[in-house]
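Coordinates in review
Listed here are the chains, written in short residue letters.
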Amino acid sequence: MKTDWRARNHPAWWAFLVHRISGIVLTLFLPFHFWVLGMALNEAARMDDFFAWTDRPLVKFAEAGLVILLAAHLTGGLRLMALEFLAWRGWQKDLLAVAAGLTVIAGVVFAYVV
Amino acid sequence: MSDILQVRVWRGDEQGEYQAFEVPRLESQTVLDVVSHIQRHMDPTLAYRFACRVGMCGSCAMTVNGVARWTCRTHVSKVAKDGALELAPLAHLPVVRDLVTDMSEFFDKWARARGQFHPTATREDPFARVRPDSPERRNADAGIECIGCGVCYASCDVVQWRPDYLGPAALNRAWTLINDERDGARNERLRAVGDDAGCLACHTHVSCTERCPKHISPTAGIAGLKRAVMKAALRGDL
């Protein structure tokens, strides 16, 4: 028999899921990101047009989502490294709360700045 | 509190279905009490496993409302707040019949993780003097009370994803021996647990730690093994 989904309903498993999904989405985003950066080499005008297009509110909203995903993946990765490389202590849920808090702060700061 | 519990119990082996029973609800009733009531008063063909009834032997673990638990010390009031129980055999182990699983592979993996103590002294030598407050002794103490119930193994997604993974209990056993200063098989054990089917496969879901009825943290032991394997590899001992 396989694991029942009800058995996965605990904070560390949700943290794993967020880490995995954010990693997959960021991996899909990266080629697009590099393609746009590549325009700087010989398609400067096209790049400027693209940047003008990104000023739309919906794109800004999507960018905030990307920043949140990036922050979630970064803090989630640091959380795992702290768990595995530092001396063990009962702080799994504290680390998780810090990672989630920093992720929310990153998203709010980005939304405020742009 | 309702007078009747609605209980659904897995019947069959890997293929089967849930059978419904109505069981009288009692004060301080455990899930094992419920299963025993069904077997003794309603259907004597129900297969399940238990021995000590007091949380020592590790034989009565089952999946209770989707979560692996030791049933002898799980009160119905804790897991069946709406008066309904769903009982199934532990996940990730072959089902023999009804609620009984074949735990051979679970324990074979303890052997593959070099879970046996390898003494460095003989009976002629004086007793080893191990400081109770040494970090190694404390690490061993933290994991030594495992009763081999299989709850962590059934809760671990990595066991499901790659069946050759040694699993939390076997790795926890290896960790307690790595910290036993009387043991003489450290490097062999690190080689046994330091591959893709060993500690390096752990994704740190922490499900084993979340579900262990003895409040052991196999995740802590696996993290310790990862560090020990890394240090041994850097020293060229592996």
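All names here are of chain B. Phi is positive for serine 28, which is not a glycine, with a value near 55°. Among the secondary structure elements, serine 28 is positioned in the loop between strand E2 (16–24) and helix H1 (31–42). The residue arginine 114 is not glycine, and still its phi comes out positive at about 55°. Relative to the helices and strands, arginine 114 resides in the loop between helix H3 (104–112) and helix H4 (135–143).

This part is about the interface of chain A and chain B. Taken together, the 16 residues of chain A in the interface contact 23 residues of chain B. Put simply, the parts of the chain that give the side of chain A that touches chain B at least two residues each are helix H1 (11–42) and helix H3 (57–85) of chain A. Per element, the largest residue contribution to the side of chain A that touches chain B is four residues, and it comes from H3(A). For the side of chain A that touches chain B, the residue count by class is nine nonpolar, three polar and four charged.

Turning to the sheet that holds E2(B), a few remarks are in order. All names here are of chain B. Read from one edge to the other, the open sheet built from five strands follows the order E2-E1-E5-E3-E4, with strand pairing classed as mixed. The two strands at the open ends of the sheet, each matched to only one other strand, are E2 and strand E4 (67–70). When strand polarity is set aside, the average angle formed by the axes of neighbouring strands in this sheet is 35°. Looking at chain direction, strand E3 (residues 61–64) and E4 are connected through four bridges and run antiparallel.

Moving on, we come to the domain arrangement of chain B. How big an interface is tends to be expressed through the accessible area that disappears when the partners come together. Residues and elements named next belong to chain B. Each assigned domain of chain B is listed here: domain 1 (4–101) and domain 2 (104–235). Centre-to-centre, using C-alpha coordinates, domain 1 lies 29 Å away from domain 2. At the junction of the two partners, domain 1 supplies 15 residues and domain 2 supplies 13 residues. Elements supplying a minimum of two residues to the side of domain 1 that touches domain 2: E3 and E4.

Now for H1(B). Residues and elements named next belong to chain B. End to end, H1 covers 16 Å across twelve residues, agreeing with the expected 16 Å (1.5 Å per residue, within 8%). All of the buried residues along H1 are Val31, Val34, Val35 and Ile38. With its buried residues spanning 95° around the axis, H1 presents them on a single face. Residues of H1 that are exposed and point more than 90 degrees away from the buried face comprise Arg40 and His41. Buried residues in H1 make contact with strand E1 (4–12), E2, E3, helix H2 (76–79) and strand E5 (84–88).

End to end, H3(A) covers 42 Å across 29 residues, agreeing with the expected 42 Å (1.5 Å per residue, within 8%). Three or more residues of H3(A) are buried, namely Leu69(A), Ala71(A), Ala72(A), His73(A), Thr75(A), Gly76(A), Arg79(A) and Leu83(A).

So, on to the packing of helix H7 (residues 168–178) of chain B against helix H8 (residues 186–193) of chain B. Residues and elements named next belong to chain B. Contact pair H7 / H8: the axes reach a minimum separation of 10 Å and the direction vectors enclose 155°. Put simply, H7 runs roughly antiparallel to H8. H8 is crossed by H7, and the crossing has left-handed handedness. Along its contact with H7, which presents Leu171, Ala174, Leu177 and Ile178, the element H8 presents Arg186, Arg189 and Val193. Split by residue class, the contact of H7 with H8 holds five nonpolar, no polar and two charged.

All names here are of chain B. Mapped onto the fold, aspartate 3 is located in the segment before E1. Take aspartate 3: there are 9 C-beta atoms within 10 Å of it, and that puts it in the exposed class. Aspartate 3 sits 21 residues away from proline 24 along the chain, and the two C-alpha atoms are 5.9 Å apart. Excluding anything up to four places from it in sequence, aspartate 3 contacts Pro24 and Arg25.

Glancing now at the pairing of E3(B). Residue and element names in this part refer to chain B. What you see with E3 is no split at all: Ala61 and Thr63 on one side and Met62 and Val64 on the other are buried throughout. In this antiparallel pair of consecutive strands, E3 and E4, the connection spans two residues, and asparagine 65 shows a positive phi of 50°. Note: E3 against E5, two bridges, orientation antiparallel. Residue pairing across strands places threonine 63 opposite alanine 88, the latter belonging to E5.

Next up on the list: the packing of H7(B) against helix H10 (residues 218–235) of chain B. Residue and element names in this part refer to chain B. It is at 8 Å that the axes of H7 and H10 come closest, and there the two elements cross at 60°. The orientation of H7 relative to H10 falls into the category oblique. As for the relative orientation of H7 and H10, their crossing is left-handed in sense. Mapping the contact onto sequence places Pro168, Ala169, Leu171, Asn172, Ala174, Trp175 and Ile178 in H7 and Pro218, Gly221, Ile222, Gly224, Leu225 and Ala228 in H10.

Below, the discussion takes up the confidence of the model for chain B. Here chain B shows a mean pLDDT of 96. Residues at 70 or above account for 100%. Here the prediction assigns the complex a pTM of 0.92, and the interface score ipTM is 0.87.

Calculation rules
Residues numbered from 1 in each chain as written. Chains lettered and ligands numbered in written order. Predicted model: local features only at pLDDT ≥ 70, side-chain atom pairs only at ≥ 80, totals over all residues. Helix = DSSP H or I, 4+ residues; strand = E, 2+ residues; numbered from the N terminus. Contact = placed C-beta atoms within 7 Å. Nonpolar A, V, L, I, M, F, W, Y, C, P; charged D, E, K, R; others polar. Pairing = 2+ DSSP bridges. Axes fitted to C-alpha atoms, helices over the stretch in contact; angles between N-to-C directions. Domains from an automatic or database assignment. Expected span 1.5 Å × (residues − 1). Buried ≥ 20, exposed ≤ 12 C-beta atoms within 10 Å, placed from the backbone. Arc of directions from axis to C-beta. Parallel < 35°, antiparallel > 145°, perpendicular 65-115°, else oblique. Left-handed = near helix turned anticlockwise from the far one by under 90°. pLDDT = per-residue confidence, 0-100.

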